[in-house]
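For reference, the chains in residue letters:
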Amino acid sequence: MSTDLSGQLGSAFGSFFSSAIVQLILDSIVFYLFIVWLAAAFWAFRDMHDRTENPVMPYVAAAFILVPTPFFFLLGVIVYRVIRPAERLGEVYERNLAEEALLAEVEAVRTCRGCDRRVQEEWILCPWCRTRLNRVCPNCERLVGLDWTLCAWCGKDFERPATVDRAIAQSAPGASTADVAGQASPGRPAGGTISNRKPAIGG
Ligand SMILES: [Zn+2]
Ligand SMILES: [Zn+2]
């Protein structure tokens with residue numbers, strides 16, 4: 001009885017696997033695996049190409065998928081995904097750009113030299129420690145940097161004292177005294193008059 005059953009089952013399996021339709025399905029599965037295997041190798045090649053500038057590594061990655069054959073290449077894909085470089089080159093480039101932008105932003109924030117607190121571009125004095133941050137041009141009354149040698153807005157020369165201005169005005173007969181008065185601090189006429197008298201005493 002049992003031998004009959006096993007014999008029947010065996011012949012049934014034999015006819016099942018020999019039938020043309022089943023054979024076609026099995027062939028299709030193998031063909032599909034073959035295509036996926038090649039596609040996976042191509043994917044690994046492209047993927048490695050995006051992650052390294054080394055020209056050999058993409059071929060190594062493709063070989064890594066091809067060597068395990070169409071039946072075991074999924075293991076190669078899994079191992080490749082674990083050991084491949086974590087970042088794409090584009091991502092590395094973007095991260096570097098973002099870091100640079102952040103650094104530039106940090107550098108652009110102005111701080112007080114005296115107390116390191118954040119101050120604004122237009123402030124003349126630090127409101128906390130009274131450190132001088134900017135000065136006002138005596139000629140055009142716009143803000144100028146402490147280290148500027150002349151006013152970028154009106155051209156007033158800060159290095160040259162008012163006495164030199166006066167000496168030049170005196171040596172040049174064409175220059176009017178109104179120009180000299182304009183160059184001296186307009187807000188302080190008394191101080192300007194005193195400093196203008198000094199060269200006469202010195203020279
Ligand atoms: Zn300060
Ligand atoms: Zn000026």
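Just so you know, these numbers come straight off a predicted model, no measurement behind them.

A. Spotlight on the overall build of the protein chain. Looking only at helices and strands, the protein chain features 8 helices and 2 strands. The secondary structure elements of the protein chain, listed N-terminal to C-terminal, are α-α-α-α-α-β-β-α-α-α. Buried residues in the protein chain amount to 9% of all 203 residues. Long-range contacts, defined here as pairs at least 24 residues apart, represent 26% of the contacts in the protein chain between residues at least 6 apart.

B. Highlighting helix H4 (residues 69–83). End to end, H4 covers 20 Å across 15 residues, agreeing with the expected 21 Å (1.5 Å per residue, within 8%). At leucine 75, H4 shows its largest kink, close to 30°. Listed as buried for H4 are Phe73, Gly76 and Tyr80. Buried-residue contacts for H4 involve helix H2 (20–51) and helix H3 (57–66).

C. Main features of the nonpolar core. Trp37, Ala40, Ala41, Ala44, Met48, Ala61, Ala62, Phe64, Ile65, Phe73 and Tyr80 form the largest nonpolar core, which has 11 residues in total. Elements represented by at least two residues in this core include exactly H2, H3 and H4. Element by element, the count of residues in this core is highest for H2, at 5 residues. Aside from chain neighbours lying at most four places away, what touches alanine 41 is Ala62, Ile65 and Leu66.

D. Local environment of helix H5 (residues 89–108). Its 20 residues place the ends of H5 28 Å apart at the C-alpha level, agreeing with the 28 Å of an ideal helix rising 1.5 Å per residue. Where burial is concerned, little of H5 is hidden: 0 out of the 20 residues are buried.

E. Structural context of the environment of arginine 46. As for its placement among the helices and strands, arginine 46 is situated in helix H2. Judged by local crowding, arginine 46 falls into the partly exposed class, with 13 C-beta atoms found within 10 Å. Distance from arginine 46 to proline 58, taken between C-alpha atoms, is 6.9 Å for residues 12 residues apart in sequence.

F. Up close: unusual backbone geometry. A positive phi angle is found at arginine 130, which is not glycine, with a value near 65°. Summarising the element assignment, arginine 130 is placed in the loop between H5 and strand E1 (134–136).

Cut-off values and rules
- Residues numbered from 1 in each chain as written.
- Chains lettered and ligands numbered in written order.
- Predicted model: local features only at pLDDT ≥ 70, side-chain atom pairs only at ≥ 80, totals over all residues.
- Helix = DSSP H or I, 4+ residues; strand = E, 2+ residues; numbered from the N terminus.
- Buried ≥ 20, exposed ≤ 12 C-beta atoms within 10 Å, placed from the backbone.
- Contact = placed C-beta atoms within 7 Å.
- Expected span 1.5 Å × (residues − 1).
- Bend = angle between axes of the 7 residues up to and from the residue.
- Core = buried A, V, L, I, M, F, W, Y, C linked by C-beta atoms within 7 Å.

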